[in-house]
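Results of the structural survey
Here is how the chains run, residue by residue.
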Amino acid sequence: MRKAKFRYVADIIKQRVDDGEYGTKQKLPSEYDLADEFQVSRLTVRKAIALLIESQVLVKSQGKGTYVIDAPKIESGRLGLQGFTEASQAYGRDSHTEVISYVKVSHPSKNVLDMLQINKNHEVSVYRLVRCRYWDNEPMTVEQIYIPEPLVKGLSKKDFTGSLFKIIEKQEKIAYSQQEIEAVLAKDHIGKLLHVSVGGPILKVQSVTYTAEAKPIFLDTSYYRADKYRFKTTLIRHKL
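Read on for an overview of the structure. Model, not experiment: these values are computed from the prediction.

Considering the sheet that holds strand β7 (residues 176-185)
- If you walk across this open sheet you meet the 6 strands as β4-β5-β6-β9-β8-β7, and the pairing is antiparallel. The sheet is open, and its two borders are formed by β4 (95-105) and β7, each paired with just one other strand. Between one strand axis and the next, the sheet turns through 15° on average, direction left out of account.
- Both strand β8 (residues 201-210) and strand β9 (residues 216-225) contribute to a ladder of 9 bridges, which runs antiparallel. Residue Ile 202 lies in a different strand from β9, and its bridge partner there is Arg 225.

So, in structure tokens, the structure goes:
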């Protein structure tokens, strides 16, 4: 079935918002200009805009025009330690995962072994899982995760399209995570996956997740879109 013209126009405007061509709080071109660009009637443009207002992409100010909604950034840590799938459910968003690779690492680096508290002389293998995570078909983060083999023994690439927390907690109870966050510039391969221009700002988060007994469960280096995320934490003051 052929897509209605107003839905076609709405899809293009939405894509421009997602790509940053129409930025947050930006006023859209007039209905007349949009009708001229898309070679459709102003009524068609009006219906497209109404659809995007209903979808909370745009907002109309009487007598001033139509604007891109100032959507709040996702607050990682707002509800405590959550996996990506759990956070998407908390925000009422649909999520899916592209598993880019899942391989056994023959010679893990000293940093990986140290972070996971694995003695290099012990016969404990490590797997590296690389995934791109999406909300509503929009890439949000790229994860590179190192996991000791006992936690993923017998699993294959196709098993990691959902919640990693759910997989892990069949064997170990996740208690807390320690994170280091820094702003970096997107390199070519990360930029392509996240739809961010090369050299654009992104957030790099390295974390180690632990059991309550301080046993490391996995090491995660993730890259987040800086235009979509902010990190929230609680600091407790201890007086000397």
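Past the structure itself, the notes keep going.
Remarks on the packing of helix α1 (residues 5-19) against helix α2 (residues 31-38)
- At their nearest, the axes of α1 and α2 sit 12 Å apart, and the two run at 110° to each other. With respect to α2, the element α1 is oriented roughly perpendicular. Along its contact with α1, which presents Val 9, Ile 12, Ile 13 and Arg 16, the element α2 presents Leu 34, Glu 37 and Phe 38.
- Each residue belonging to the contact of α1 with α2 can be placed in one class, and the counts come to 5 nonpolar, no polar and 2 charged.

Digging into the side chain of Arg 16
- Tracing the sequence through the fold places Arg 16 in helix α1.
- Judged by its relative accessible area of 15%, Arg 16 falls in the buried class.
- Among the polar contacts made by the side chain of Arg 16, one reaches the side chain of Tyr 22 at a distance of 2.9 Å.

A look at α2
- Every buried residue belonging to α2 is among Glu 31, Leu 34, Ala 35 and Phe 38, and all of these are buried. End-on, the buried residues of α2 take up no more than an arc of 100°, which puts them together on one face.
- On the buried face of α2, the contacting elements are α1, α3 (42-54) and β1 (58-61).
- Once α2 ends, the next one or two residues include Gln 39, with phi positive near 55°.

Some remarks on α3
- Taking 1.5 Å per residue, 13 residues should reach 18 Å; α3 reaches 18 Å between its end C-alpha atoms and fits that length.
- All of the buried residues in α3 are Thr 44, Val 45, Ala 48, Ile 49 and Leu 52. The buried residues of α3 occupy one face: seen down the axis, they fall within an arc of 135°. Turned more than 90 degrees away from the buried face of α3 sit Leu 43 and Glu 54, all of them exposed.
- Contacts from the buried residues of α3 go to α1, α2, β1 and β2 (65-68).
- Positive phi shows up at Gln 56, right after α3, with a value of about 65°.

A look at the packing of aromatic side chains
- According to the stated counting rule, one finds 3 aromatic pairs in the structure shown.
- Taking 5.0 Å as the distance between ring centres and 20° as the angle between the ring planes, the aromatic pair formed by Tyr 102 and Tyr 127 counts as stacked. Of the two residues, Tyr 102 is situated in strand β4 and Tyr 127 in strand β5 (residues 126-135); the sequence distance between them amounts to 25 residues. With respect to burial, Tyr 102 and Tyr 127 carry one shared label: buried.
- Relative to Phe 160, the ring of Tyr 102 has its centre 4.6 Å away and its plane inclined at 40°; by these criteria the two rings are tilted.

Brief notes about the pattern of salt bridges
- Counted under the stated rule, the structure contains 10 salt bridges.
- Arg 133 is the salt-bridge partner of Glu 143, the closest N and O atoms lying 3.0 Å from each other. You can see Glu 143 sitting in strand β6 (residues 138-148) and its partner Arg 133 sitting in strand β5, a full 10 residues away along the chain. Across the pair, exposure class does not vary: Glu 143 and Arg 133 are buried alike.
- Bridged by salt links that share partners, the residues Arg 16, Glu 21 and Glu 37 form one connected network.

Here is what the cut-offs are and how they apply
- Residues numbered from 1 in each chain as written.
- Predicted model: local features only at pLDDT ≥ 70, side-chain atom pairs only at ≥ 80, totals over all residues.
- Heavy atoms only, no water.
- Pairing = 2+ DSSP bridges.
- Helix = DSSP H or I, 4+ residues; strand = E, 2+ residues; numbered from the N terminus.
- Axes fitted to C-alpha atoms, helices over the stretch in contact; angles between N-to-C directions.
- Parallel < 35°, antiparallel > 145°, perpendicular 65-115°, else oblique.
- Contact = heavy atoms within 4.5 Å.
- Nonpolar A, V, L, I, M, F, W, Y, C, P; charged D, E, K, R; others polar.
- Buried < 20%, exposed > 50% of the residue type's maximum accessible area, 1.4 Å probe, protein only.
- Polar contact = N/O pair within 3.5 Å; in protein donor to acceptor, adjacent residues only side chain to side chain.
- Arc of directions from axis to C-beta.
- Expected span 1.5 Å × (residues − 1).
- Phe/Tyr/Trp six-rings, centres within 6.5 Å; stacked < 30°, edge-to-face > 60°.
- Salt bridge = Lys/Arg side-chain N within 4 Å of Asp/Glu carboxyl O.

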